[in-house]
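Summary of structural features
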Amino acid sequence: MENLSAFTEFYLQPLAQKLPSFIKDTTDLLNKIEHLNTSGPFPTGTLLVSWDMVSMFPNIDNKLGLFAFRKALNARENIFPSTTCILEAIKICLKSNHSVFKENFFLQIHGTVMGPKNA
């Protein structure tokens, strides 16, 4: 499953990095704020807020996530491998989405467990 997860990550990660809201890390956030500062002061009452989205993935509805993936994959300039191929790989990863806690196996049926490359 690790290889299939790596396959999906390879094609999805560049799409995520192109989103205008993508922030790689704290340094990237600070650089973006510094860039915004070059255009003058923020309007009075402006409040800058950031959230750590690391724990968000277990709560994303699988159907909504697949819908978003399909939209992003169909917008690629080079549609290879096919959108259908990548979506099927994502579905397999989601359906095989398990974790182990104290020697007990759990199958996650909503969202994705943290740890796989495609998470």
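For the structure given in this document, a descriptive report is provided here. Not measured: the values here are computed from a predicted model.

About the criteria used
- Residues numbered from 1 in each chain as written.
- Predicted model: local features only at pLDDT ≥ 70, side-chain atom pairs only at ≥ 80, totals over all residues.
- Heavy atoms only, no water.
- Pairing = 2+ DSSP bridges.
- Helix = DSSP H or I, 4+ residues; strand = E, 2+ residues; numbered from the N terminus.
- Core = buried A, V, L, I, M, F, W, Y, C linked by side-chain atoms within 4.5 Å.
- Buried < 20%, exposed > 50% of the residue type's maximum accessible area, 1.4 Å probe, protein only.
- Contact = heavy atoms within 4.5 Å.
- Phe/Tyr/Trp six-rings, centres within 6.5 Å; stacked < 30°, edge-to-face > 60°.

**Re the pairing of strand S2 (residues 104–107)**
Two strands pair when backbone bridges link them, and strand S1 (residues 98–101) and S2 are joined in this way by four bridges, in the antiparallel orientation. Looking at the pairing, Phe-101 lines up with Asn-104 of S2. Hairpin geometry of S1 and S2 is characterised by an intervening segment of two residues between the two adjacent antiparallel strands and by a positive phi of about 50° at Lys-102.

**As for the nonpolar core**
Leu-12, Leu-15, Leu-66, Leu-73, Ile-86, Leu-87, Ile-90 and Leu-94 together form the largest nonpolar core, which totals eight residues. When residues of this core are assigned to their parent elements, the largest contribution, four residues, is made by helix H4 (residues 83–95). Not counting residues within four places of it along the chain, the set of residues in contact with Ile-86 comprises Phe-7, Thr-8, Tyr-11, Leu-12, Leu-73, Arg-76 and Pro-81.

**A short note on the packing of aromatic side chains**
Under the definition given, this model contains two aromatic pairs. When the ring of Phe-7 is compared with that of Tyr-11, the centres are 5.2 Å apart and the planes differ by 65°; the resulting orientation is edge-to-face. Of this pair, Phe-7 and Tyr-11 are both found in helix H1 (residues 2–17), four residues apart, which corresponds to roughly one turn of the helix. Judged by its relative accessible area of 26%, Phe-7 is partly exposed. Geometrically, the ring pair formed by Phe-10 and Tyr-11 is edge-to-face, given 4.9 Å between the ring centres and 85° between the ring planes. The class of Tyr-11 is partly exposed, set by a relative accessible area of 23%. Taken together, Phe-7, Phe-10 and Tyr-11 form an aromatic cluster joined through their ring pairs.

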